[in-house]
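Next come the chains, spelled out residue by residue.
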Amino acid sequence: MIPAGNSNWTTSFRVPLEKCRASLRRKLNEKEKPDISDRRHMVRMMVDEMRQHCLNPTLSQCAFIAKGIIEKYPNGLQDRTEEGEKMGSGHYTLCQQLKSRVDNLNRNNTLARLRKERRPAVTPAATAGNSEPARKCAKTDSYGCINWQPIVLPEGEMKESLLHKKEELKLIFSHEGQRGADRARVAELMETTFETQRRNINMLPAMQKLIKEWPFLFQKRFLLDHFNQLTGIELDARLRESMESKGKRVMTFFQSQLLRWGKEVRTVLANLAKEPEVDPCLAVVLTMMAFFHEKEDALFILADLTTTQADAETQLSLPRTPRIILLAKQWRLALEGKVFITPTNLQMDFTSALAVLFGSHYAFNIEYQPEAASTLDFIQR
């Protein structure tokens, strides 16, 4: 296996079009844009082939490969405006699709996610003192995790002291339950033990075991705090900001060009028009799922208002991948067939539930479910 830092393989890489759908090959040969589902399939085939050479291709390697195939099929794959003019480099969208697919496949792959050390700069002062130059871990070259597995413990801490803090958290939860989350001491301990949390999570234990070891991590506040330390992004605030600005533009775009869309999109837009009080964030997600031909049950499970956590786990068909359970204006999050985050830990609005859904994918190294991957990728980007 060629390591991620070796880029020689890209120069001889060949896109396996013969593995792609016949309908895509026909469109490309006729200089037409392929269908969205065919393009998604092509991206998956390309990444599968790329990972035969390198488990974790970099963004620059993805760009090199995307540029190569778009130069061969510009009419079908290049980024263009409605008027047919080239947008930017022309290969930005395909590059991001390739890298998103790589990141999602590697989310639970420890070996592929380990980052190489950055070569230290040798300074005159270091040379004169014959001291070993400091080594730092290079950041990933994408918008993904920047702190997937910390290699430095918090100042003044040792592994033993962090384990003691972990036990203190478990003790507080056993005495106070979810109410203990309001204590300042719990917030301090959760921040300090991030390295231990990541070490435990990256050992890929069952979710039931993980919730026993880190019960506070399965509350909205601390899950999103964990995501912030993991990626450097305040997810809830970023999602609300994006939905407020870009979400409105997305809906305006779809509503202003009704005749362009297929039956699925038109049906969703018609239903949304009958429900003016529907959550704007939910409206965007439902519209995008219809556009990408993805079924709503790939992300949502409908439940009756009287449904309890026990009812949901025994009576509903809960898949292993994350799902948002809808109960009117209440939301729950299901993972591995169990309800882990309940309405007491979520605000009433859908944006909070969506933030928790994204946070769980990243925090727990869960790949996007294929049946909703296009919608989740779109929101992520």
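See the structure shown above.
All of the points below concern the structure found in this document. Per chain, the residues get numbers from 1 upward, laid out in the order the sequence is written. Since the coordinates come from a predicted model, pLDDT governs what is reported: local features require at least 70, and pairs of side-chain atoms require 80 or more to be given and counted, while whole-chain, interface and lining totals use all residues. Based on all heavy atoms of the structure, the side-chain values leave hydrogens and waters out of the count.

## Here we look at unusual backbone geometry
With a phi angle near 60°, Lys31 is a residue other than glycine that sits in the positive phi range. Helix and strand definitions follow DSSP, with helices as H or I runs of at least four residues and strands as E runs of at least two, each counted in order from the N terminus. Inspection of the secondary structure puts Lys31 in the loop between α1 (22-29) and α2 (36-50). Non-glycine residue Glu336 carries a positive phi angle of around 50°. Topologically, Glu336 is positioned in the loop between β5 (330-335) and β6 (338-341).

## With respect to the sheet that holds β5
DSSP calls a pair of strands paired once it identifies at least 2 bridges connecting them. Across the sheet, four strands lie side by side as β3-β4-β5-β6; this open sheet has mixed pairing. Of all strands in the sheet, those with a lone pairing partner are β3 (300-302) and β6, marking the two edges. Averaged over all adjacent pairs, the angle separating strand axes in this sheet is 40°, with direction ignored. In this sheet, β5 lies alongside strand β4 (residues 323-327) in antiparallel orientation, the contact comprising five bridges. Residue Ile324 lies in a different strand from β5, and its bridge partner there is Leu333. To define axes, lines are fitted to C-alpha atoms, for helices over the stretch in contact only, and angles between the resulting N-to-C directions are given on a 0 to 180 degree scale.

## Concerning the side chain of Thr287
By secondary structure assignment, the location of Thr287 is in helix α15 (residues 280-291). The exposure class assigned to Thr287 is buried, which follows from its relative accessible area of 0%. Exposed residues in this analysis have more than 50% of their type's maximum accessible area, buried residues have under 20%, and partly exposed residues fall in between, with area computed by a 1.4 Å probe over protein chains only.

## Describing the packing of aromatic side chains
When the centres of two rings from Phe, Tyr and Trp lie within 6.5 Å, Trp using its six-membered ring, the rings pair. Their planes under 30 degrees apart give stacked, over 60 give edge-to-face, and anything left gives tilted. A complete count under the given rule lists 16 aromatic pairs for this structure. Ring plane angle 15° and centroid distance 5.1 Å describe the contact between Phe218 and Phe364, whose orientation is recorded as stacked. With Phe218 in the loop between α11 (207-213) and α12 (220-231) and Phe364 in the loop between α17 (350-363) and α18 (373-380), the pair connects residues that are 146 residues apart, well separated along the chain. Taken individually, Phe218 and Phe364 each receive the classification buried, so the pair is uniform in this respect. When the ring of Phe358 is compared with that of Tyr368, the centres are 6.2 Å apart and the planes differ by 90°; the resulting orientation is edge-to-face. Of this pair, Phe358 sits in helix α17 while Tyr368 sits in the loop between α17 and α18, and the two are ten residues apart along the sequence. Grouping residues by exposure puts Phe358 and Tyr368 together as buried. Counting every residue linked through ring pairs, the aromatic cluster contains Phe253, Phe254, Trp261, Phe291, Phe292 and Phe378.

## With respect to the pattern of salt bridges
The term salt bridge refers to a side-chain nitrogen of Lys or Arg lying within 4 Å of a carboxyl oxygen of Asp or Glu. Taken as a whole, this structure holds 19 salt bridges when the rule is applied. With its nearest N and O atoms 3.1 Å apart, the salt bridge here joins Arg185 to Glu188. With Arg185 and Glu188 both in helix α9 (residues 184-192), this residue pair falls three residues apart, about one helical turn. By relative accessible area, which is 43% here, Glu188 ends up partly exposed. It is possible to trace a salt-bridge network through shared partners that takes in Lys166, Glu167, Lys170 and Glu213.

Geometric descriptors of this kind do not, in isolation, establish any biological role.
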